[in-house]
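# Coordinates in review
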Amino acid sequence: RDTSLDRQLPPMSTSTKGISSEYQIRVHVIEARDLKGLDSSGQSDPVVFVNAFHQHGKTEVVKKTTAPIWDHLFIWTVNVPPQEWARGRIKLQVFDSNTVLRNVVIGMYEFDIEAIYQMPGHELYRRWVALTDPTDKREGIQGYLKLSISLLAPGDKPVPHEEPEDEDETNTPDTAPGQKVSLQSLILLPPTIATEDHLLVVTVYRAIDLPKLDKLGSIDPYVKVHFAGLHISTEAQSGSQTPKWNEELHIPVTLPTLSDIVTISLFDKDKAKEDELVARMYVRFKDLLDLLGKGASWGPKWLNMYGSPYPSDNPVAQSMNSGDIEASGYRGRLLLDMSVQKIANPKLGKKAAAEPREPPVQPWSVRAEVYEGSELSLGHEEGGTSRGKGGSGDVSLEVCFGSQHVKSKKTAAKDGRAVWYEELPTLSVSLPMDKGFDATQGLGSEGVPDIFVNVYHDQLLSHARVGYQRIKGVPQDQAIRFTALKKDVLGSEQGGFPGFLLYRVLSGPKDEIDKIGPSPYANHPPKTHKYSFRAFIYQGRGLPAADDTGVSDPYCSVHLGGKVVKSAVKERTVNPLWFQMLSMELDLPSPLSLCPDINVLVFDKDDVTTDDYLGRFNVSVAEVQEGQEMVDGKLVAKPKWYSLYTRQDETPKQAPSSDEPGAAPYGQILAAFQLFLTDSAPPLPPPQITLPASKECVLRIGLVGLGNILPFQLLSVQHPLVEFDYGVTTDPNAIARIEVKPSPHGGSTLVLETLTLNMKLPIDPIYSPSLNIKVYDNRLGGAHRPLVATGSLDLSKLLPWAKGEGRKKKIKLLNSTPAPVVLASGSSTRREDVVTAPPIGVPTALPPVASMSVAGPGADVHINIPEDEGLPLLSDRPRARPVTSDPSPVRTLGDVAASVIPGTEDPSPHDPPEDTEEAAQGGLRPHVAAELEDEYIPPFETLTLYRGKKAGINLFEKLIAKKGQTFFRVGQMKLRLLIEEKGANASPMPSLKDMYAPKPYVLRLYVLKCHSLMPKDRSGSSDPYLVISSKGMGSNTAPSKLIKDTNSVQNRTLNPAYFKFYELPVTLPGDSELSVAVWDADRLGSDELIGETTIDLENRIFSQDWTKLSQKPIEYRDLYHPSSVHSQGQVSMWLDILTPEQAASTPPVPIGPPVQKQYELRVVIWNTKDTAFRDKSMSDIFITAYPEGLKSQNTDTHYRSENGEGMFNWRMVWPITLPLKNPRLKLQLWDKDLLNPNDVIAEATVDLKGFYKRAYKEDGTRRWTIDRQFVSLTHPNYQGVQSKLEMELQLLTAEEARTHPVGLGRGEPNNDPFLAPPDRPDTSFNPFSPWSYLKFVAWRKHRVKVIAALVCCILVVILPVLIGILKVFL
């Protein structure tokens, strides 16, 4: 059975270029419970350390507690290869912090990245985990940690969550009036996690074929096993390539666990430097656990190890050794066994193991025949055969199987073609007969080493590996065909695709291989025949830009059979139209299965420097033969869109092939191929390319405007000229241009003009061209006209005769006529019909619109809305803009949160009639767990404009590129498009200036909260505030359109609650973008942008979908930063757009945070009983209590409790503000010591959430009581109940507390209830009172001895007197 990881992990890359991806890790450490107390007092000072991918963080230290609350969020961005990401781990350790001595670990838990990423939403949300001691000094669970972990790969978005209601705290009742509350039910208990102890046993026997790594040609190997945060190693064997260990390694495992990857690493022990990793393997713990109880055995097994083919400190070699990228060399074999045992109290350790029972072996043979190499990259130019010139030089081939290898003869290569036709000597080894597996790469699933076929370029002073192939060693008779080589990433970064190799490999038991004879081509080449080859190159779309202006001068180079033919060069376009046939006469082998693939390379023509490589694709000869047929005596081949791939290490089969636009990120080529025999077949008609059937059409382009064009060469774009074409540049009527009126601010312009473009469009949509858009800037009166931005749009979706309504609906048609939409006027009491502000749209003067009646204050408002059929937004993530202006006098609802206390004003027509307080917090409004753009169809075709280059980037350009980007978004364009056939009944063209005449509007933005913001301060927090601005076409961010709300700063938080209202005047179309940015306030340095979200206002106000919403929903919008592709947090908000008349007659929706109410919490501590003794026979008891976040208060001390009872009659009082984030009351029972630190005997945490919630909602009640009763107290260091505490609670409004005050302890005023001095026994006294000690200790315990002593003293005094008296009388 294959237990390798790679069947589920992302595919590995074989290149160092572009293999890393950006991932985001979010770890929210919430709280812990039942932590072991490691201080002498029985408490701890807990702190959590978090580690993931060399990122480290720690929470703050919480003093003297076993149930700390941290609520600390860590957010890290890491750039790692996908394979390293999938095998990564997150480790959390809880320490007892010490000031002088080293921190002491309490417990640890480790997560596998893969296990969490496979969960719904890629997150572990508010879950408890059981901590164990990694030092294995303390048995059992060391406490419980509550946390959330969210993992985001490129393209993922965080899942928004409402305010959490913890599942483990649902025992907290929301009590009804008159209902008696059980205090015991409010005690927070440790989470119930059923655990089982297991032991992972890894028996390491021996290894063979290890590489020589030390300078003296030796190796000092040892094996290290890591699982679930624990690791253990064998002893190092000095100077041995065939070491023997025979050691059992034991790792304790507590189930359930979120770790599944057992990592087995072999290291070379070094004294002078860090130990060197030889190879790393991975085994799934679940597979081992499945064998438990089944009587099945996992091993002993030989594990094949792979990595770098030769010793190297190169980071790429280290990545190979660790399995993060595909290994290209064999590094030995390791014999081991693994099992899981269910035992109690397992220990971390190791012991000697008996000699293994090795499986029987059998002879195994590998035989190879090598024939040809094609397009071998022997030069230093990208693409492998740039400009049609292949490399030349001596080439040899090597076949490696385990530790054995065999080499071919050297042969001279010419134009990238090398010919061998040689049968290599057979390699033979002895292999085990049992089924093994490769735990590193998932290749060679039968325990047989993989076969490596290496191609070398032999030069005078070097022996460079051009490329290689890695083949499974399982029994096989590989088909004879050309195979793409993989690039040697350990060699030079120069050169491109390594080429193709024609060879055959046979692998299997020796007796089976001996029965197979050589192929007919083992020692001589096959016969050849003459063929005619035709390549029909029609067009390309979305090719990479190789010039700074965002375009290329592309041409195609077609390679087959050692010959090359090129297409024409098309200038200044990334969507070229060639419609060109290329032909060659070739000598190809028979059968054609021995022929290499047809390779098409695309280049950008440069007159001065070397042509830039844009991409390539390949087509097999078999595919060409299947795709061609004879029709009416003519050979016909149907064209197909082929996707380009550009990474030099990629193989042709890795690139996607699709005729859908945008399916290939590096562009596509529409091509067809023909290949037919000419030396024995009758000649075919002369080759020619047939243009597809087409129709005369007119494209009507409604150019709404240009948005935010970035400056070019440090100068703003003030005189833009926009040019449209579809690739036919020879016809003046096929190009449309418009000079846009100058923009005083540059960068953005409202156009509202309609252009026409005459076109010949194919009937078959596969030939449909792209619309090319170029934006120039007229400078120096038109004498200088640089190209400042480019864009393109696939026109196949616009063809009127295209089949499928779905394709046509994706484009915004210029003459779309809407269907009427009517909303009944008048008031409504249903929540779904209540509107926040009357929806508005474009004015009534628009031509084809729908009438819409909406209830509003005073009278109905009649609105006309253009109908829209839409395509999702195409714009990139918004760019952040630094704030440079001061806040402007924009209308707001006050300086403090702009909130209105519910109930203080008359409800407006748009307010929901019920639960006004919940409405003020957005609770009654519908929610959208994403940007609203994802839910409606925008009215315009929004095209992103680009500048820069994707290909042909030299080192200098990489160095000067901003943030490493050489191709970037520079603006956008809004269009409405329509294609009509000439001669057809043309629809009347509406005027864009009439349809979208700029009108004033009032923008109302309601910002509720931000969630999980990226920390910017060293403390792991931020001081966020809001910056609101609008910017659009024809305007700059003026002071009247910007609010820098520094008064909204909330210190040291990642989840600020703003409840802010902002109102801005805007003109639409015009002020097209609304930016909501969150900044971090810094006292010393400059403020930092946390993240920004941008809303296209025009896409909302002119969208029927958005305008029809009766109540605008709350959106959870992701905040982005220019430096990252991942969300930097979220903001919950909603947006209303009103006419000035509506704004004047409709008051803003009152929003605000929950109203803070003042209360007083009174806790009366009566008695304790059944208290455990920490001293031998008595305790000096006192009680400490405090609400979370407030100062603690103590009772007096009940000294010398000999029966576990304590009497206090003590009152504690705290002022409380509700609502409260952590509504908990901490209780601790202590044993007072005179010389040593006090000891905690027992403790408890009371959850008062329901108690507080009832008080907060009942406005008419002034006092709430939980009657006097006993609660049980425990301690995590001891089992069972450690004491019982009798107490009662009262919660009073602040007014009630002022009317009926009480004193602390038993102080005055002493009432409600009256607390009499406790009737403690006489033995409870202060030990510093000598008289009390003599009275209650010395007398009671030693009274017999005291009386005897007194009698003796009396006798001593009286006896001499008596004796004297007796002498006198006698």
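For the structure, check the block above.
A brief report on the enclosed structure follows. The structure presented is a predicted model; accordingly, all values stated were derived computationally and were not measured. Sequence order as written defines the numbering, with residues in each chain counted from 1. Per-residue local features are limited, in this predicted model, to residues with pLDDT of at least 70; the limit for side-chain atom pairs, both in listing and counting, is 80 or more; totals at the level of whole chains, interfaces and linings are taken over all residues. Each side-chain value is derived from all of the structure's non-hydrogen atoms; neither hydrogens nor water enter the calculation.

### A closer look at the environment of G1250
The criterion, for reference: The helix count covers DSSP runs of H or I at least four residues long, the strand count covers runs of E at least two residues long, and both are numbered beginning at the N terminus. Exposed residues in this analysis have more than 50% of their type's maximum accessible area, buried residues have under 20%, and partly exposed residues fall in between, with area computed by a 1.4 Å probe over protein chains only.
Following the sequence through the fold, G1250 ends up in helix α14 (residues 1249-1257). What makes G1250 buried here is its relative accessible area of 4%. Each C-alpha atom of the pair G1250 and L186 lies 9.0 Å from the other, and the pair is 1064 residues apart in sequence.

### Comments concerning the pairing of strand β49 (residues 941-948)
Convention followed: DSSP-based pairing: two strands are paired if at least 2 bridges between them are found.
Summarising burial for β49: 7 of the 8 residues are buried, a large majority. In terms of strand pairing, β49 meets strand β50 (residues 967-981) through 8 bridges, oriented antiparallel. When the sheet's bridge partners are listed, T944 is paired in β50 with Q972.

### Here's the deal with the side chain of E1092
To keep things clear, this is the line we draw: We define a polar contact as two N or O atoms separated by no more than 3.5 Å, with the added condition that, inside protein, one atom must be a possible hydrogen donor and the other a possible acceptor, whereas residues neighbouring each other in sequence contribute only through side-chain atom pairs.
Assignment of secondary structure puts E1092 in strand β56 (residues 1088-1096). By relative accessible area, E1092 is classed as buried at 2%. At a separation of 2.4 Å, a polar atom in the side chain of E1092 contacts the side chain of S1075.

### What about the sheet that holds strand β7 (residues 123-131)?
We count it as follows: All axes are obtained by fitting lines to C-alpha atoms, using only the stretch in contact for helices, and the reported angles, taken between N-to-C directions, cover 0 to 180 degrees.
Within the open sheet, the 4 strands sit side by side as β4-β1-β8-β7. Their pairing is antiparallel. Pairing within the sheet leaves two strands with one partner each, and these edge strands are β4 (69-80) and β7. Neighbouring strand axes in the sheet, compared pairwise and without regard to direction, differ in orientation by 20° on average.

### Comments concerning the packing of aromatic side chains
The description of an aromatic ring pair uses the distance of the two centres, along with the angle that the planes make with each other. To keep it simple, the criterion reads: Only centres within 6.5 Å qualify two rings of Phe, Tyr or Trp (six-membered ring in Trp) as a pair; their planes then separate them into stacked at under 30 degrees, edge-to-face at over 60, and tilted for everything else. Comment: the charge-over-ring label is applied if NZ (Lys) or CZ (Arg) is within 6 Å of the ring centre and within 35 degrees of the ring normal.
According to the stated counting rule, one finds 27 aromatic pairs in the structure shown. Here the aromatic cluster, defined as three or more aromatic residues joined through ring pairs, consists of F533, F617, Y642 and F673. Just above the ring of Y306 sits the side chain of R470; from NZ or CZ to the centre is 4.3 Å. Sitting above the plane of the W1166 ring, R1268 keeps its charged end 3.8 Å from the centroid.

### Notes on the sheet that holds strand β48 (residues 927-928)
On the basis of which strands lie adjacent, the open sheet formed by 5 strands has the order β48-β57-β58-β51-β54 and mixed pairing. The sheet is open, and its two edges are formed by β48 and β54 (1057-1068), each paired on a single side.

### Quick look at the pairing of strand β31 (residues 554-560)
With 7 of 7 residues buried, β31 lies mostly within the body of the structure. Alternating residues of β31 divide into P554, C556, V558 and L560 and Y555, S557 and H559, and every residue in both groups is buried. Pairing between β31 and strand β34 (residues 598-604): 6 bridges, direction antiparallel. Opposite V558, over in β34, you have V600 as the bridge partner.

### Regarding the nonpolar core
The criterion, for reference: We call a set of buried Ala, Val, Leu, Ile, Met, Phe, Trp, Tyr and Cys residues a nonpolar core when their side-chain atoms join them within 4.5 Å. Contact between two residues is taken to exist if any of their heavy atoms lie within 4.5 Å; hydrogens are not considered.
By size, the foremost hydrophobic cluster in this structure holds 42 residues, and its most contacted members are L1005, I1028, L1074, L1097, L1135 and I1137. The residues touching I1028, leaving out its near neighbours within four places in the chain, are L1005, K1041, L1042, I1043, Y1062, L1064, L1074, S1075 and V1076. Among the nonpolar cores identified, the runner-up in size contains 38 residues, and C697, V717, A734 and L771 belong to it.

### Some details on unusual backbone geometry
Of note, the amide linkage connecting S590 to P591 takes the cis form, showing an omega dihedral of 10°. Relative to the assigned elements, P591 resides in the loop between β33 (577-589) and β34. A cis amide bond, omega 0°, links L1218 with the succeeding residue P1219. Inspection of the secondary structure assignment puts P1219 in the loop between β63 (1206-1218) and β64 (1224-1231). A positive phi is found at R572, a non-glycine position, where the angle reads about 50°. On the secondary structure map, R572 appears in the loop between β32 (563-566) and β33. Non-glycine residue Q713 carries a positive phi angle of around 55°. Among the structural elements, Q713 can be located in the loop between β40 (694-707) and β41 (720-725). Assessed through its relative accessible area of 55%, Q713 is described here as exposed.

### Details of a nonpolar patch on the surface
Operational definition: Like charges within 9 Å and nonpolar side chains (Val, Leu, Ile, Met, Phe, Trp, Tyr) within 5 Å are joined into patches, using only residues over 30% in relative accessible area that form no salt bridge. Only the protein chains shown count as covering a residue, and every accessible area follows the Shrake-Rupley method with a 1.4 Å probe. Salt-bridge detection follows one rule: a side-chain nitrogen of Lys or Arg within 4 Å of a carboxyl oxygen of Asp or Glu.
On the surface, I1354, V1356, V1357, I1358, L1359, V1361, L1362, I1363, I1365, V1368 and F1369 cluster together to form a nonpolar patch covering roughly 1100 Å² of accessible area. By the element assignment, I1354 lies in helix α16 (residues 1330-1369). You can call I1354 partly exposed: its relative accessible area is 46%.

### A few points about the pattern of salt bridges
Tallied over the entire structure, the rule returns 53 salt bridges. The closest approach of N and O atoms between D514 and K510, which form a salt bridge, is 3.0 Å. Taken together, the positions of D514 and K510, both in helix α5 (residues 510-514) and 4 residues apart, correspond to about one turn of that helix. With relative accessibility at 34%, the residue K510 sits in the partly exposed group. Between E696 and K760 there is a salt bridge, with its nearest N and O atoms 4.0 Å apart. Of this pair, E696 sits in strand β40 while K760 sits in strand β43 (residues 749-762); the two residues are 64 residues apart in sequence, bridging distant segments of the chain. Sharing partners across several salt bridges, the network here consists of R1262, R1263, E1295, E1296 and D1312.

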